[in-house]
Amino acid sequence: MKDIKKTYDDFPYKSKPFANSSIYKLESIATLLGLSPAPVNNARVLEIGCSFGGNLIMSAISNPESEFIGIDISETQINLGKKLIKDMKIKNLKLMQLDISHATQELGKFDYVISHGVYSWVPDDVKNAILGGGRKLLTDNGIMYVSYNTYPGWKYKDIIRDLMVYSSKNETSDIARLEKSKHMLKSYVEYINALPDGSMRKNGFSSVMLENAKNIADSYENFYILHEYLETFNDPCYFYEFVERAKNQDLEYLIDASMTPTYITCIDDLPQNSRPNERIQKEQYGDFLSNRAFRSSVLTTSKNASSITEALNGTFKKTDIDKLYFFGKFDITDNYIEDRNKAVKYQTTYEWIAQEFNLNYPNSLNSAYFLEKYPQKENEIYEALMKFICYGSINFTNIELKALAYKPNETRIKQNYENYIKYFSKESDPVIAMATALNLLVGEMTAQDARFALMFDGKNSIDDIVLAVKKFLKTGKQRFTRTKSDGTTVVVTDQAEIEATCTDYVLGLEQKLRNAYYFEAI
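Residues numbered from 1 in each chain as written. Predicted model: local features only at pLDDT ≥ 70, side-chain atom pairs only at ≥ 80, totals over all residues. Heavy atoms only, no water.

Things to note about the sheet that holds strand S11 (residues 337–339)
Strand order in the open sheet made by the three strands is S10-S11-S12, with antiparallel pairing throughout. Each having just a single partner strand, strand S10 (330–332) and strand S12 (345–346) make up the two edges of the open sheet. In this structure, S10 lies alongside S11, joined through three bridges in antiparallel fashion. Its bridge partner being in S11, Asp331 is matched across the sheet by Glu338. (Pairing = 2+ DSSP bridges. Helix = DSSP H or I, 4+ residues; strand = E, 2+ residues; numbered from the N terminus.)

A short note on the sheet that holds strand S9 (residues 325–327)
Strand order in the open sheet formed by three strands is S13-S9-S14, with antiparallel pairing between adjacent strands. Edge positions in the sheet fall to strand S13 (365–366) and strand S14 (395–397), since each of these pairs with one other strand and no more. The sheet contact formed by S9 and S14 spans three bridges and is antiparallel. Bridge pairing in S14 places Phe327 opposite Asn395.

Observations concerning the packing of aromatic side chains
For the structure on display, the rule yields 32 aromatic pairs. Ring centres of Tyr119 and Phe242 lie 5.2 Å apart, and the angle between their planes is 85 degrees; on these two criteria the pair is classed as edge-to-face. One end of the pair, Tyr119, is in the loop between strand S4 (110–115) and helix H5 (124–136); the other, Phe242, is in helix H11 (residues 239–247), and 123 residues separate them in sequence. Residue Tyr119 is classed as buried on the basis of its relative accessible area of 2%. When its relative accessible area of 0% is taken as the criterion, Phe242 is described as buried. (Phe/Tyr/Trp six-rings, centres within 6.5 Å; stacked < 30°, edge-to-face > 60°. Buried < 20%, exposed > 50% of the residue type's maximum accessible area, 1.4 Å probe, protein only.)

Quick notes on the packing of helix H6 (residues 154–167) against helix H10 (residues 222–229)
Where H6 meets H10, the axes come as close as 10 Å, and the angle between the chain directions of the two elements is 105 degrees. In terms of orientation, H6 lies roughly perpendicular with respect to H10. Along its contact with H6, which presents Trp154, Lys157, Arg161, Met164 and Val165, the element H10 presents Ile225, Glu228 and Tyr229. Broken down by class, the residue content of the contact of H6 with H10 amounts to five nonpolar, no polar and three charged. (Axes fitted to C-alpha atoms, helices over the stretch in contact; angles between N-to-C directions. Parallel < 35°, antiparallel > 145°, perpendicular 65-115°, else oblique. Contact = heavy atoms within 4.5 Å. Nonpolar A, V, L, I, M, F, W, Y, C, P; charged D, E, K, R; others polar.)

In structure tokens form, the structure reads like this:
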């Protein structure tokens, strides 16, 4: 673990929020399955491998009565994370430099235990500590989240990793290892691309593997490459192996947080006599059929899971669905309806409900809304909602979400978000990413964008903010560009176009903040 600690101290991992590990997501999944999870506004939450705290910060800000603790072995990441939390004046989030192997009951019990991006990158004894220690610190009805790399999808990535490790094995510094292995990957890609199309040698290389090698060499950030492909440990496993190891620690697998690995298994495409019946087998065969490389498993105690057998097999109670709120967007064509993930296509018979989601987005809707508006379609409503849930086409939470538009003297940036936004206004290269309370990424937000975002304070009008943008443009520190029909970009210099562009910029920023639920009523 000393080597792992050193690489994370020397090359800190950017602390992005992950929506699937959000306590809102975990609470709503447990609710859907018929469990009684702790409400997120009054819960204790532990994250194992918290980095700078970026996966916890917005949850803590949004739930001041809950308590959040993050632990990590990297002193560098913990110390900077503590500074961020202090500057943001967050009182209910504490970061500690601590190895999970040394965690004790003194930490107390937690309603939610999260470990994202750690399990596959540590030795077996630490894997057991994550699951075993997590279980000991989990309340009896608590929910645990663990993500990890999986086979068979990581098999072809193992080849790339092996090539990178082998080609850089004589280098003594991490920077040199990165440069050497990336250079080798570029040569590898060039060699394969130069082979004659259709030749046996070229056919022996997977196009997916080739694309992965190209992305590593040209696109991925260095901290990601180092920790994902050059770390001492990267130990993927098969899904069923993870489930067995969790069961040995009195943890029961419930569902994948992204939903689709649990419900889109493709086993219906197998011959009838080859289709498995048991749910773990179904998901494992699904991983083989989809070449899955990553999972986000939701767990609970064996005792807590024993009461929801039907739900674990995909039969949800209407009364549990009724407790949730849903939001999402769909592309509607004459021939089919497709979710925005481009993952699933539905028959046009679902157009009416897809249209409702589109018209109300990003506001959330519940079953009561549909039942009141379409009382004659009760069965169709629940059928559609269950499909959309299982296929990952809509998000769902236990709380109603309303995206308020900005109106001076009526709405403003949420006051408890101000210090969070100020951090981004001061950083050209932030170590965390801006997110919603649900850990959904807000999208690109430059330091200057964040400064203007703070002007939506309930006092300034849209015209006031536009005027501020125009003044800033005169300093020469920011320019607007537009894309021409030939794909090239040019700086906007025409005064009339600058005027229109400033207005469009401010309105676009307002829309981004609105869609992230950043405004509150005054």
